[in-house]
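These are the residues of each chain, in order.
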Amino acid sequence: MSVQNLNAFDPFADGGDPLAADQDVGSQQNYLHIRIQQRNGRKTLTTLQGLPKEYDPKKLLKAFKKEFACNGTLVDDEEMGQVIQLQGDQRTKIATFLTEEGIPKSTIKIHGF
(Lines give C-alpha, C1' and ligand atoms only; values in the text may rest on other atoms or scores of the structure.)
Protein backbone atom coordinates (compact mmCIF):
# COMPACT_ATOMS: atom_id res chain seq x y z
CA MET A 1 0.00 0.00 0.00
CA SER A 2 1.44 3.35 -1.09
CA VAL A 3 0.26 6.70 0.25
CA GLN A 4 0.72 9.41 -2.38
CA ASN A 5 -0.05 12.54 -0.39
CA LEU A 6 2.91 12.34 2.01
CA ASN A 7 5.33 14.08 -0.35
CA ALA A 8 7.24 17.05 1.02
CA PHE A 9 5.41 20.20 0.01
CA ASP A 10 5.87 23.66 1.46
CA PRO A 11 2.69 25.71 0.90
CA PHE A 12 4.46 28.88 2.00
CA ALA A 13 7.36 28.57 -0.42
CA ASP A 14 7.71 31.34 -2.94
CA GLY A 15 5.98 29.93 -5.99
CA GLY A 16 5.74 33.24 -7.77
CA ASP A 17 2.66 35.32 -8.45
CA PRO A 18 -0.23 33.12 -9.61
CA LEU A 19 -1.83 36.15 -11.30
CA ALA A 20 1.34 37.28 -13.07
CA ALA A 21 0.09 36.13 -16.46
CA ASP A 22 -3.16 38.09 -16.20
CA GLN A 23 -2.54 41.58 -14.84
CA ASP A 24 -6.13 42.83 -15.24
CA VAL A 25 -7.68 40.50 -12.67
CA GLY A 26 -9.44 42.67 -10.10
CA SER A 27 -8.47 45.84 -11.92
CA GLN A 28 -10.69 48.85 -11.33
CA GLN A 29 -9.06 51.03 -13.97
CA ASN A 30 -11.62 50.75 -16.76
CA TYR A 31 -14.71 51.58 -14.72
CA LEU A 32 -16.49 54.74 -13.66
CA HIS A 33 -17.28 54.47 -9.98
CA ILE A 34 -20.28 56.29 -8.54
CA ARG A 35 -20.27 56.16 -4.75
CA ILE A 36 -22.31 57.65 -1.94
CA GLN A 37 -20.86 58.79 1.38
CA GLN A 38 -22.81 59.58 4.52
CA ARG A 39 -22.10 62.98 6.01
CA ASN A 40 -23.90 64.04 9.17
CA GLY A 41 -27.52 63.19 9.82
CA ARG A 42 -29.43 62.77 6.57
CA LYS A 43 -26.84 64.56 4.44
CA THR A 44 -25.04 62.56 1.76
CA LEU A 45 -22.28 63.13 -0.77
CA THR A 46 -22.07 61.46 -4.20
CA THR A 47 -18.64 60.96 -5.81
CA LEU A 48 -17.72 60.11 -9.40
CA GLN A 49 -14.23 58.84 -10.20
CA GLY A 50 -12.48 57.11 -13.07
CA LEU A 51 -13.66 59.53 -15.75
CA PRO A 52 -12.04 58.94 -19.18
CA LYS A 53 -9.50 61.51 -20.37
CA GLU A 54 -11.63 62.71 -23.30
CA TYR A 55 -14.24 64.21 -20.93
CA ASP A 56 -13.58 67.58 -19.30
CA PRO A 57 -14.43 67.26 -15.58
CA LYS A 58 -15.08 70.99 -15.15
CA LYS A 59 -17.65 71.09 -17.94
CA LEU A 60 -19.22 67.86 -16.74
CA LEU A 61 -19.47 69.23 -13.18
CA LYS A 62 -21.14 72.39 -14.47
CA ALA A 63 -23.66 70.30 -16.43
CA PHE A 64 -24.34 68.09 -13.38
CA LYS A 65 -24.95 71.09 -11.14
CA LYS A 66 -27.34 72.66 -13.61
CA GLU A 67 -29.20 69.45 -14.47
CA PHE A 68 -29.58 68.06 -10.93
CA ALA A 69 -30.03 71.41 -9.09
CA CYS A 70 -27.32 70.63 -6.55
CA ASN A 71 -23.92 71.99 -5.59
CA GLY A 72 -20.65 70.22 -6.30
CA THR A 73 -16.90 70.49 -6.44
CA LEU A 74 -13.87 68.97 -8.14
CA VAL A 75 -11.30 67.36 -5.81
CA ASP A 76 -7.78 66.21 -6.76
CA ASP A 77 -6.82 62.84 -5.27
CA GLU A 78 -3.37 61.19 -5.48
CA GLU A 79 -4.68 57.70 -6.27
CA MET A 80 -7.94 58.38 -8.09
CA GLY A 81 -7.07 61.55 -10.00
CA GLN A 82 -9.86 64.11 -10.23
CA VAL A 83 -13.02 63.20 -8.34
CA ILE A 84 -16.36 64.97 -8.83
CA GLN A 85 -18.32 65.45 -5.61
CA LEU A 86 -22.03 66.34 -5.62
CA GLN A 87 -24.37 67.08 -2.74
CA GLY A 88 -27.14 64.59 -2.13
CA ASP A 89 -27.83 61.13 -3.54
CA GLN A 90 -27.34 61.63 -7.29
CA ARG A 91 -26.22 58.09 -8.20
CA THR A 92 -29.02 57.09 -10.58
CA LYS A 93 -29.17 60.56 -12.14
CA ILE A 94 -25.43 60.51 -12.88
CA ALA A 95 -25.66 57.00 -14.36
CA THR A 96 -28.53 57.92 -16.71
CA PHE A 97 -26.82 61.19 -17.69
CA LEU A 98 -23.58 59.38 -18.58
CA THR A 99 -25.34 56.65 -20.57
CA GLU A 100 -27.20 59.32 -22.56
CA GLU A 101 -23.84 60.93 -23.32
CA GLY A 102 -22.54 57.71 -24.89
CA ILE A 103 -20.66 55.96 -22.08
CA PRO A 104 -21.53 52.23 -22.06
CA LYS A 105 -23.61 51.09 -19.10
CA SER A 106 -21.31 48.10 -18.58
CA THR A 107 -18.43 50.41 -17.57
CA ILE A 108 -20.42 52.22 -14.86
CA LYS A 109 -20.35 50.78 -11.33
CA ILE A 110 -22.79 52.14 -8.76
CA HIS A 111 -21.78 51.57 -5.14
CA GLY A 112 -23.66 52.28 -1.94
CA PHE A 113 -26.53 51.12 0.16
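A short tour of the structure in this document, coming up. All values reported here derive from a predicted model rather than from experimental measurement. (Residues numbered from 1 in each chain as written. Predicted model: local features only at pLDDT ≥ 70, side-chain atom pairs only at ≥ 80, totals over all residues. Heavy atoms only, no water.)

**Some thoughts on the pattern of salt bridges**
We count it as follows: Each reported salt bridge corresponds to a side-chain nitrogen of Lys or Arg within 4 Å of a carboxyl oxygen of Asp or Glu. Burial here depends on accessible area, computed with a 1.4 Å probe over protein chains only, as a share of the maximum for the residue type. Under 20% is buried, over 50% is exposed, and the range in between is partly exposed.
Here the structure, examined in full by the defined rule, presents one salt bridge. Taking the shortest distance from any N to any O, the salt bridge between Asp89 and Arg91 comes out at 2.9 Å. With a relative accessible area of 40%, Asp89 lands in the partly exposed category. Taking relative accessible area as the criterion, Arg91 reaches 13% and is therefore assigned buried.

**Structural notes on the sheet that holds strand 3 (residues 72-77)**
Formally: Strand pairing is assigned whenever DSSP detects at least two bridges linking the two strands. Strands are runs of DSSP state E lasting at least two residues, helices are runs of H or I lasting at least four, and both sets are numbered from the N terminus onward. For helices, the fitted line uses only the C-alpha atoms of the stretch in contact; every axis is such a line through C-alpha atoms, and the angle between N-to-C directions lies from 0 to 180 degrees. Only heavy atoms matter for contacts: two residues are in contact if any of them lie within 4.5 Å across the pair.
Reading across the sheet, the five strands line up as 3-4-2-1-5 and stay open at both edges, with mixed pairing between neighbours. The open sheet terminates on both sides in strands that have one partner only, identified here as strand 3 and strand 5 (108-110). In this sheet, adjacent strand axes meet at a mean angle of 25° when their direction is disregarded. In this structure, strand 1 (residues 32-38) lies alongside strand 5, joined through three bridges in parallel fashion. For Leu32, the partnering residue across the bridge sits in strand 5 and is Ile108. Contacts from helix 1 (residues 57-68) reach strand 2 (44-49), strand 3 and strand 4 (81-87) within the one sheet, and its direction differs from that of strand 4 by about 10°.

**Points about helix 2 (residues 91-100)**
Definition in use: For this quantity, the arc is that covered by the directions from the helix axis to the C-beta atoms.
Restricting attention to buried positions, one finds in helix 2 the residues Arg91, Ile94, Ala95, Phe97 and Leu98. Each buried residue of helix 2 sits inside an arc of 165° when the element is viewed along its axis, so together they form one side. Projecting away from the buried face of helix 2 at angles above 90 degrees are the exposed residues Thr92 and Glu100. In this structure, the buried side of helix 2 is in contact with strand 1, strand 2, helix 1, strand 4 and strand 5.

**Remarks on a negative patch on the surface**
This is how it is decided: Patch members must show over 30% relative accessible area and no salt bridge, and they are joined within 9 Å when carrying like charges or within 5 Å when they are nonpolar side chains of Val, Leu, Ile, Met, Phe, Trp or Tyr. All accessibility values rest on the Shrake-Rupley procedure with a 1.4 Å probe; residue burial counts only the protein chains present in the view. His is not counted here, nor are the chain ends, while Lys and Arg score as positive and Asp and Glu score as negative. Charge positions come from single atoms, namely NZ of Lys, CZ of Arg, CG of Asp or CD of Glu.
On the surface, a cluster of negative charge is made up of Asp76, Asp77, Glu78 and Glu79. Judged by relative accessible area, which is 70%, Glu79 ranks as exposed.

**A look at the packing of aromatic side chains**
To keep things clear, this is the line we draw: Ring pairs shown here join Phe, Tyr and Trp side chains whose ring centres sit within 6.5 Å, with only the six-membered ring taken for Trp; geometry is labelled stacked below 30 degrees between planes, edge-to-face above 60, and tilted in between. For a lysine, the NZ atom is tested; for an arginine, the CZ atom; a charge sits over a ring if that atom is within 6 Å of the ring centre and within 35 degrees of the ring normal.
Here the structure, examined in full by the defined rule, presents three aromatic pairs. Relative to Phe68, the ring of Phe64 lies with its centre 5.4 Å away and its plane at 15°, an arrangement referred to as stacked. With Phe64 and Phe68 both in helix 1, this residue pair falls four residues apart, about one helical turn. Ring centres of Phe68 and Phe97 lie 6.2 Å apart, and the angle between their planes is 80°; this geometry places the pair in the edge-to-face category. On the criterion of sequence distance, the pair formed by Phe68 in helix 1 and Phe97 in helix 2 is long-range, its members being 29 residues apart. Here Phe68 matches Phe97 in class, with each residue buried. For Lys109, the ring lying beneath its charged end belongs to Tyr31, and the centroid distance is 4.5 Å.

Geometric values such as these leave the question of function open.
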